Amino acid sequence: MTQTPEQSSLGKRSAYVDQYDPGLLFPLSRDAKRREIGIAGAPPFFGADLWTAFELSWLNPRGKPQVALAQLTIPCETPNIVESKSFKLYLNSFNGTRFDDADAVRARIRADIGEAVWRGAPAAAGIGVRLLAPADFDREGVEELDGLDLDRLDIECDRYMPAPDLLRAATDEAPVSETLTSRLLKSNCLVTGQPDWGSVRIAYSGPQIDQEGLLQYIVSFRNHNEFHEQCVERIFMDIWTRCRPLKLDVYARYTRRGGLDINPWRTSHPQAAPRNVRTARQ
């Protein structure tokens, strides 16, 4: 039976469970939203969802609390995403649970998240999980997305629901390669309507995309209700079908909520994932 976002714990009072419980994870199929943007079979992109968990703690064998940061890499070919509040509740369940060491915690997270995102299909790829110990915290830098800043443009904006007709490309001119960025991406949670703030980087090769139209298009997500992963796939597909680039790479970094940030990345061609380095707003 397919689960829906409305059946999740989002927007509902939730009990605090501090004993390990993988049953708290709530997977949601990617399929329905992909069909909505014209993807019926295999998607025309590769990529991953890069998660950072800033609130991870457990007890060592002697009962002393331990803390770490967790970075997760979830391939976009998994049939499911994990609803973020359920992931937060799941991590909370480690708080009163004893583990032998950080490696045991990492293995547990990897197995549980892997089962949830691959549920209903054979696992075709592993889930990446990296734990950062407090001794490594000062190595975590802050960087902004690289590229030409679209926000410098003085544009008029009056559309705040996704408007792909704003996208235009110079198909009669020589192709270009560009990397463009904006900090004006904002969407809302699909269930609660609460705001989600993000930055986006769009790198492409092909007909030159009109920059004013692209920025207006990014702004048009401002009142749109959709999960982070779905917004980025919608952006990718709209640019892919309307501007017809030869190569396309869309990467968004959203500010954290509930101690978690979600950073989807989609690319038309296989390549190494971007570094999971947080921006100033994260």
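Okay, so let's go over this structure.

Calculation notes
- Residues numbered from 1 in each chain as written.
- Predicted model: local features only at pLDDT ≥ 70, side-chain atom pairs only at ≥ 80, totals over all residues.
- Heavy atoms only, no water.
- 1 Å grid on protein atoms, 1.4 Å probe; cavity = no way out; pocket = protein on both sides within 12 Å on 5 of 7 lines; lining within 4 Å.
- Points joined across faces, edges and corners; volume = space filled by probe spheres on them.
- Helix = DSSP H or I, 4+ residues; strand = E, 2+ residues; numbered from the N terminus.
- Nonpolar A, V, L, I, M, F, W, Y, C, P; charged D, E, K, R; others polar.
- Expected span 1.5 Å × (residues − 1).
- Contact = heavy atoms within 4.5 Å.
- Polar contact = N/O pair within 3.5 Å; in protein donor to acceptor, adjacent residues only side chain to side chain.
- Pairing = 2+ DSSP bridges.
- Buried < 20%, exposed > 50% of the residue type's maximum accessible area, 1.4 Å probe, protein only.
- Axes fitted to C-alpha atoms, helices over the stretch in contact; angles between N-to-C directions.
- Salt bridge = Lys/Arg side-chain N within 4 Å of Asp/Glu carboxyl O.
- Phe/Tyr/Trp six-rings, centres within 6.5 Å; stacked < 30°, edge-to-face > 60°.
- Lys NZ or Arg CZ within 6 Å of the ring centre and 35° of its normal.

## As for empty space enclosed by the protein
Then comes step 1: This structure, assessed with the given rule, holds one cavity of 30 Å³ or more.
Then comes step 2: Residue lining of the largest cavity: S29, R30, K33, R34, I81, E229, Q230 and E233, and that is the complete set.
Then comes step 3: Going through the elements one at a time, α1 (31-36) and α5 (228-243) are the ones with two or more residues in the lining of the largest cavity.
Then comes step 4: In terms of residues, the lining of the largest cavity owes the most to one element, α5, which gives three residues.
Then comes step 5: Split by residue class, the lining of the largest cavity holds one nonpolar, two polar and five charged.

## Focus on helix α3 (residues 102-117)
Then comes step 1: In a regular helix each residue adds 1.5 Å, so 16 residues correspond to 22 Å; α3 covers 22 Å between its end C-alpha atoms and thus fits that length.
Then comes step 2: Packed against the buried residues of α3 are β1 (27-29), β2 (46-59), β3 (65-75), β4 (80-82), α2 (84-92) and β5 (128-132).
Then comes step 3: A side-chain oxygen of the first residue of α3 lies 3.2 Å from the backbone nitrogen of D103; this N-cap is D101.

## So, the pairing of β3
Then comes step 1: Note that β2 and β3 share ten bridges and pair antiparallel. Counted as the bridge partner of A53 is A70 from β3.
Then comes step 2: Hairpin connection of β2 to β3: five residues between the antiparallel strands, including G63 at a positive phi of 85°.

## Overview of helix α4 (residues 211-219)
Then comes step 1: Counting buried residues in α4 gives eight out of nine residues, a clear majority hidden from the surface.
Then comes step 2: When we look at burial in α4, the residues that qualify are Q211, G213, L214, L215, Q216, Y217, I218 and V219.
Then comes step 3: The backbone nitrogen of G213 lies 2.7 Å from a side-chain oxygen of the residue at the head of α4, namely D210.

## Remarks on the environment of I218
Then comes step 1: Examined against the element boundaries, I218 turns out to sit in helix α4.
Then comes step 2: Classification of I218 by relative accessible area gives buried; the value is 1%.

## As for the sheet that holds strand β9 (residues 195-206)
Then comes step 1: Pairing in this open sheet of eight strands is mixed, and the strands run β5-β3-β2-β12-β11-β9-β8-β6 from one edge to the other. Looking at which strands have only one partner, the edges of the open sheet turn out to be β5 and β6 (148-149).
Then comes step 2: Inspection of the sheet shows strand β11 (residues 247-254) paired to strand β12 (residues 260-267) by three bridges, in the antiparallel sense. Across the sheet, the residue bridging to D249 is T267, located in β12.
Then comes step 3: Contacting β2, β3 and β12, α2 crosses the sheet at an angle of about 35° to β2.

## Brief notes about the pattern of salt bridges
Then comes step 1: Per the stated rule, a full pass over the model turns up 21 salt bridges.
Then comes step 2: Close ionic contact of R183 with D149 constitutes a salt bridge, the shortest N to O distance being 3.9 Å. Linking R183 in strand β8 (residues 176-188) with D149 in strand β6, this pair joins segments that are 34 residues apart in sequence.
Then comes step 3: By sharing partners, the salt bridges in this structure join R30, R34, D49, E233 and R266 into a single network.

## A short note on the packing of aromatic side chains
Then comes step 1: Under the criterion given, the structure shown has ten aromatic pairs.
Then comes step 2: Here a set of aromatic residues connected by ring pairs shows up, and it is made of Y20, W51, F87, Y90, F94 and F99.
Then comes step 3: Over the aromatic face of W197 sits the side chain of K186, whose NZ or CZ is 5.8 Å from the ring centroid.
Then comes step 4: Between the NZ or CZ atom of R256 and the centre of the ring of F54, over which it lies, the distance is 3.5 Å.

## Some words on the side chain of N276
Then comes step 1: Here N276 lies in the segment after β12.
Then comes step 2: With relative accessibility at 19%, the residue N276 sits in the buried group.
Then comes step 3: At a separation of 3.4 Å, a polar atom in the side chain of N276 contacts the side chain of T52.
Then comes step 4: In terms of polar contacts, N276 uses its side chain to reach the side chain of R253, at 2.9 Å.

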